[in-house]
Amino acid sequence: MDKLMDHPWFIRVVSLLLAIMLYMSANVGAKTGETRNTFGQEDTETLIDIPVVAYYDENNLVVSGVPKYVNVTLQGPASIVKPTALQRNFEVYVDLTELPLGTYTVPIKYRDISDKLKVTIQPASAKVTIREKVSKRFPVGVEFFNRNKMPDGYSVGEPTVKPDTVTITGAKELIDEIAFVKAIVDLDGATETLTREAGVRVYDRRGNELDIEPEPSSVEVTVPVKSPSKTVPVQVQTTGELPDGVHLVSITPEPDRVTIYGPKEVLNHIDKLEGLTVDLDDITDDATVELDAPLPDGAKNVDPDKIKVHIDVEKDVTQTWKDVPIAVIGLPDSYKAEFVKPLEGKITVRLVGPPDVVRGLTKDDIRLYVDVGGLDTGEHQVPIQWNHPEQVQWQPSVETAMVQISEKAAAQ
């Protein structure tokens, strides 16, 4: 066996057989479409969606027309095509750094691909426009959608937007077309104040939406939603009593009318705001108290929700009159009466009561009298009485009088 292997013809035959096998293997692989990493073999790969990089002054310029992606076809030795296609560590780009403002057709280039490969880019060029870049701030308005789908009687107040301005950057010609910026809020079924994140949309003067993204692209919008309302008077009730010598002049709510919000069927049964109560026990001077507005059953809220109640009081004043005469009543015509005490039938009277009552009285309004009806002749001690207005107290210098009753002398 060793001798056979050492024979030259044996080696030639084996070599020939190996060569035939390699040839057949290469041909079969080519017919089935397999890529072999065989020296000298050609291959073709088409790579799709290869990103395009644009080089220009991004701080001051805006470029349009550069395709985002292209297709790249690589053709050449399989040993180079395959790794290049797999690794994709090359770049496709357009170089606009030396071009002034304007519109140009520029080639789409590549780099970092072996010179041994044939490279085809589709599309091979792009029509680009280079414009001046500007930034401008715009106020954000609010546009309502489906307002007619709010429940009957509900309305919206003035919305607030945070932030209330956005910055838009782009070509000067495009920025000049912007007429207004809006955040859109859907009001379908809204029955209470809502806060929503809303996308910002940009429009030209004709109302067409522009394909521009502002910064930020969305804002927070708060929309007050008001339910049906009814304005009614405020009713204030009191508990307790004012201390002696203090009189109530007025109780005045501020405001004296409030707006109640709620469903219509609830509002139909409300004609005043009830439930406000002021305690008078400790009130000695004018005072103001702040009370929470009570919320009627079924209502949503009351505006305002705080009510000030002004309590005006007045303290008693005094008025003193001297020598007020005492009249005698109930005396028969055949009798006469003389005051033994007080002398001349006059006393001092001190009145205590509300200022508007006491200060409105005069001495003539005070009628003092003693009733001697049914008394016989002689001296009698009788109480002094008076006709006085309500709310007024009187303090006489004496409370009784000594009266001498006697018969009148017969006429001659």
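Scoring rules and cut-offs
- One numbering rule holds for all chains: residues counted from 1, following each sequence as written.
- Local features in this predicted model are restricted to residues whose pLDDT is 70 or higher, and side-chain atom pairs enter the listing and the counts only when it is 80 or higher, whereas totals over whole chains, interfaces and linings include all residues.
- Only heavy atoms go into the side-chain values, all of them from the structure, while hydrogens and water stay out.
- The numbering of helices and of strands both runs from the N terminus, where a helix is a DSSP run of H or I of at least 4 residues and a strand a run of E of at least 2.
- Any two residues having at least one pair of non-hydrogen atoms within 4.5 Å are treated as being in contact.
- Using the Shrake-Rupley algorithm and a 1.4 Å probe, accessible areas are obtained, with residue cover drawn only from the displayed protein chains.
- Only protein atoms enter the calculation, which uses a 1 Å grid: trapped sets of points that fit a 1.4 Å probe without letting it out are cavities, open sets showing protein on both sides within 12 Å along at least five of seven lines are pockets, and any residue with an atom within 4 Å of a point is a lining residue.
- Grid points are joined across faces, edges and corners, and a volume is the space filled by probe spheres set on the points.
- Charged residues are taken to be Asp, Glu, Lys and Arg, nonpolar residues to be Ala, Val, Leu, Ile, Met, Phe, Trp, Tyr, Cys and Pro, and polar residues to be all remaining types, Gly included.
- Throughout this description, a polar contact denotes any pair of N or O atoms lying within 3.5 Å of each other; where both atoms belong to protein, one of them has to be capable of donating a hydrogen while the other can accept it, and for residues adjacent in sequence the pair is counted only when both atoms sit in side chains.
- Remark: exposure states derive from per-residue accessible area (1.4 Å probe, protein chains only) relative to the maximum for the residue type, with buried under 20%, exposed over 50%, and partly exposed in between.

- As annotated in an unreviewed UniProt entry, the chain is YbbR from Geobacillus thermoleovorans CCB_US3_UF5.

1. Section: the overall build of the chain
Okay, so step 1: Each helix and strand counted, the chain has 6 helices and 30 strands in total.
Okay, so step 2: Contacts in the chain between residues at least 24 apart in sequence constitute 71% of all its contacts with a sequence separation of at least 6.
Okay, so step 3: In the form shown here, the chain has an accessible surface area of approximately 26000 Å², with 48% of it arising from carbon and sulfur atoms.

2. A closer look at the layout of surface pockets
Okay, so step 1: Looking at the largest pocket, its volume works out to about 300 Å³.
Okay, so step 2: Sorting the residues of the lining of the largest pocket by element identifies strand 2 (61-64) and strand 11 (165-171) as the ones contributing at least two each.
Okay, so step 3: Roughly 160 Å³ of internal volume is contained in the second largest pocket.
Okay, so step 4: Around the second largest pocket sit Ala 54, Tyr 56, Leu 61, Val 62, Val 63, Val 66, Lys 68, Lys 133, Thr 169 and Gly 170, which together line it.
Okay, so step 5: Only strand 2 and strand 11 provide two or more residues apiece to the lining of the second largest pocket.
Okay, so step 6: Among the elements that take part in the lining of the second largest pocket, strand 2 stands out by supplying 3 residues, more than any other.
Okay, so step 7: Residue composition of the lining of the second largest pocket, grouped by class: 6 nonpolar, 2 polar and 2 charged.

3. Describing the side chain of His 380
Okay, so step 1: Here His 380 is to be found in strand 27 (residues 378-383).
Okay, so step 2: Within the structure, His 380 has its side chain in polar contact with the backbone oxygen of Asp 376 (distance 2.6 Å).

4. Quick notes on unusual backbone geometry
Okay, so step 1: That bond from Lys 162 to Pro 163 is cis: its omega, -15 degrees, falls within 30 degrees of zero.
Okay, so step 2: You can see Pro 163 is positioned in the loop between strand 10 (160-162) and strand 11.
Okay, so step 3: Here the bond from Glu 215 into Pro 216 is cis, since omega is 0 degrees, no more than 30 degrees from zero.
Okay, so step 4: In this fold, Pro 216 is placed in the loop between strand 13 (194-204) and strand 14 (218-223).
Okay, so step 5: A positive phi angle, close to 70 degrees, is found at Asp 112, a residue other than glycine.
Okay, so step 6: Overall, the relative accessible area of 60% leaves Asp 112 in the exposed class.
Okay, so step 7: For Glu 344, which is not a glycine, the phi torsion comes out positive at approximately 65 degrees.
Okay, so step 8: By relative accessible area, Glu 344 is classed as exposed at 67%.

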